[in-house]
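Chain by chain, the residues run as shown.
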Amino acid sequence: MKFYAGIDLAKRSSQVKIITADRKTVEELKIENSPQAFERVFRKYKGDIAVACEACSNAFWVADALAPIVGSIQVGHPTKIRWIAEARIKTDKIDAGILAELLRADLFPSIAIPPRRIRDLRELARGLIRMRRQSTRVRNQVHGLLGRQGIPYKRSEVTGPKLAKLVQDVELPKPARVAAESLLRVENGILEEHKKLQTELRAELEKEPEIQKQVELLESIPGVGIFSATLMVLELWDITRFRDDAHLASYIGFVPSTHQTGETTWHGRMTRQGNALVRWVLVQDAWAAMRSHWFFGRLYERHKKKKGKARAIVPVARALLNTIFRVWTERKPYGEIFEKKALVG
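Residue numbers restart at each chain and count upward from 1, following the sequence in its written direction. Predicted model: local features are reported for residues with pLDDT of at least 70 only, side-chain atom pairs are reported and counted for 80 or more only, and whole-chain, interface and lining totals are derived from all residues. Excluded from the side-chain calculations are hydrogens and water; all other atoms, namely the structure's heavy atoms, are used.

Side note on the overall build of the protein chain
Secondary structure elements are defined from DSSP: runs of H or I of at least 4 residues count as helices, runs of E of at least 2 residues count as strands, and each element is numbered from the N terminus. When its secondary structure is counted, the protein chain shows 14 helices and eight strands. Seen along its three principal axes, the alpha-carbon backbone of the protein chain occupies a region of about 75 × 60 × 50 Å. For every residue, the accessible area (1.4 Å probe, protein chains only) is compared with the maximum for its type, and the residue is labelled buried under 20%, exposed over 50%, or partly exposed between those bounds. When burial is assessed residue by residue, the protein chain has 42% of its 345 residues classed as buried. Taking contacts inside the protein chain between residues at least 6 apart in sequence as the whole, the part at least 24 apart equals 55%. The Shrake-Rupley method, run with a 1.4 Å probe sphere, supplies the accessible areas, and residue values consider only the shown protein chains as cover. Carbon and sulfur atoms form 51% of the exposed surface of the protein chain, whose accessible area is close to 19800 Å². Counting 60 positive and 40 negative side-chain charges, the protein chain places the centres of these two groups 6 Å from one another. Contact criterion: two residues are considered in contact whenever any of their non-hydrogen atoms come within 4.5 Å of each other. Residues scored as charged are limited to Lys and Arg (positive) and Asp and Glu (negative), so that His and the chain ends carry no count. Throughout, a charge is located at the NZ atom of Lys, the CZ atom of Arg, the CG atom of Asp or the CD atom of Glu.

Printed below as a string of structure tokens:
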């Protein structure tokens, strides 16, 4: 007999519902979030069970724990699950039952599960971004403190180590000076940890020659640096999942929203539904490409006249994404594909 299970994951415990192919409830229980607890529940079905859960912070380790003992384990796209089975009354029991029913009816919107090694390397890359953002947040607090004390400064005077020198040179009340120096020490500590993470990520990547090859290919593209390339390879990990560059753009939410009724179609802002880190780094690289390569620079200037400075970077980023897709899928450096002075892609 075939069984279907839905797991509504929470931080410390999860609700499980198991049904048969004819929708009869076999088990409905709440368990703690531990590999041992999940194994006790599912091992007795001897692999004749399909399991589904929503994507969340717990989902991947649960999938790793259940993969050896169940017939299949699928992780679902939360937004698409809500589209299919939105309910006015929402409880953990109802949610677990909905997941099991979607799986039984073959309507479950599953996502690809990255390999464990990729997920581990992602933690280092994402940690670097979190560290940099935290240091920027602390630095902005020092800027705010100087502003509240009426200290005038130019942007060029507070870049890098110049901020600490400015704090040292200006006249500040003792409490404000103590607070500013404390914040600067916090920033220095964060930057030290940032360096340690960078070193660890480099060491781990040296053990992955295939990832290094992909990073080197993407680095050959104008505007794409080593960290940008590494982040994209780790976040996207398998470019063959995408049938074309439009599919990739949709995956990261870099396509316009569309509303259509009758003969009227309206396109709005970007959907921004998808991998926010890839979308963010793509825009940063687009600015760099615009400044360093004639094609992207001309594309930006052409759109700037119609869209303005900020919005003109969007078509540049989209062209860069198309280039990334082609370089990655063809496994050739940028210069080898685009030998002529025209961007084809």
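Moving on from the coordinates now.
Remarks on the packing of helix α3 (residues 78-85) against helix α4 (residues 92-104)
Each packed pair of helices is defined by two parameters, the angle between the axes and the distance between the axes. Closest axis-to-axis distance for the α3/α4 pair is 11 Å, and the angle between their directions is 85°. Our classification of the angle between α3 and α4 gives roughly perpendicular. When α3 is examined against α4, the residues I81, I84 and A85 are found in contact with a partner set consisting of I98, L99 and L102. Residues that form the contact of α3 with α4 fall into these classes: six nonpolar, no polar and no charged. Fitted lines through C-alpha atoms give the axes, limited to the stretch in contact for helices. The angle between two N-to-C directions lies from 0 to 180 degrees. Every angle not falling under 35 degrees, over 145, or within 65 to 115 is termed oblique; those three ranges are roughly parallel, roughly antiparallel and roughly perpendicular. Note on residue categories: nonpolar means Ala, Val, Leu, Ile, Met, Phe, Trp, Tyr, Cys or Pro, charged means Asp, Glu, Lys or Arg, and polar means any other residue, Gly included.

Some remarks on the sheet that holds strand β4 (residues 49-54)
Each strand in a sheet pairs with its neighbour through backbone hydrogen bonds, running either in the same direction (parallel) or in the opposite one (antiparallel). Strands qualify as paired when DSSP identifies two bridges or more between them. The strand order β3-β2-β1-β4-β5-β6 describes an open sheet built from six strands, whose pairing is mixed. At either margin of the open sheet sits one strand with a lone partner, and together these are β3 (25-32) and β6 (110-111). In this structure, β4 lies alongside strand β5 (residues 72-76), joined through five bridges in parallel fashion. Paired with V51 across the two strands is I73, which belongs to β5. Sheet strands in contact with helix α1 (residues 35-42) are β1 (3-9), β2 (13-20), β3 and β4, and its direction is about 170° off that of β3. With respect to the sheet, α4 is in contact with β1, β2, β3, β4 and β5, its orientation differing from that of β1 by roughly 140°.

Re helix α7 (residues 174-205)
Expected helix span is taken as 1.5 Å per residue step, with the number of steps being one fewer than the number of residues. End to end, α7 covers 47 Å across 32 residues, agreeing with the expected 46 Å (1.5 Å per residue, within 8%). Among all positions of α7, only A176, A180, L183, L184, E187, I190, H194, L197, L201, E204 and L205 are buried. Those residues of α7 that are buried are in contact with α5 (116-148), α6 (162-169), α8 (209-219) and α9 (226-236).

Re the pattern of salt bridges
Any carboxyl oxygen of Asp or Glu that lies within 4 Å of a side-chain nitrogen of Lys or Arg is treated as forming a salt bridge with it. Here the structure, examined in full by the defined rule, presents 21 salt bridges. As a salt-bridge pair, K165 and D169 come within 2.8 Å of each other at their nearest N and O atoms. Note that K165 and D169 are positioned in helix α6 at a spacing of four residues, about one turn of the helix. Per residue, the accessibility class of K165 equals that of D169, and both read exposed.

Examining unusual backbone geometry
Positioned with a positive phi, W237 is a non-glycine residue whose angle comes to about 50°. Within the element layout of this structure, W237 appears in the loop between α9 and α10 (245-251). Of note in this structure, R331 is not a glycine but carries a positive phi near 55°. For R331, the position within the fold is in the loop between α13 (313-330) and α14 (334-337).

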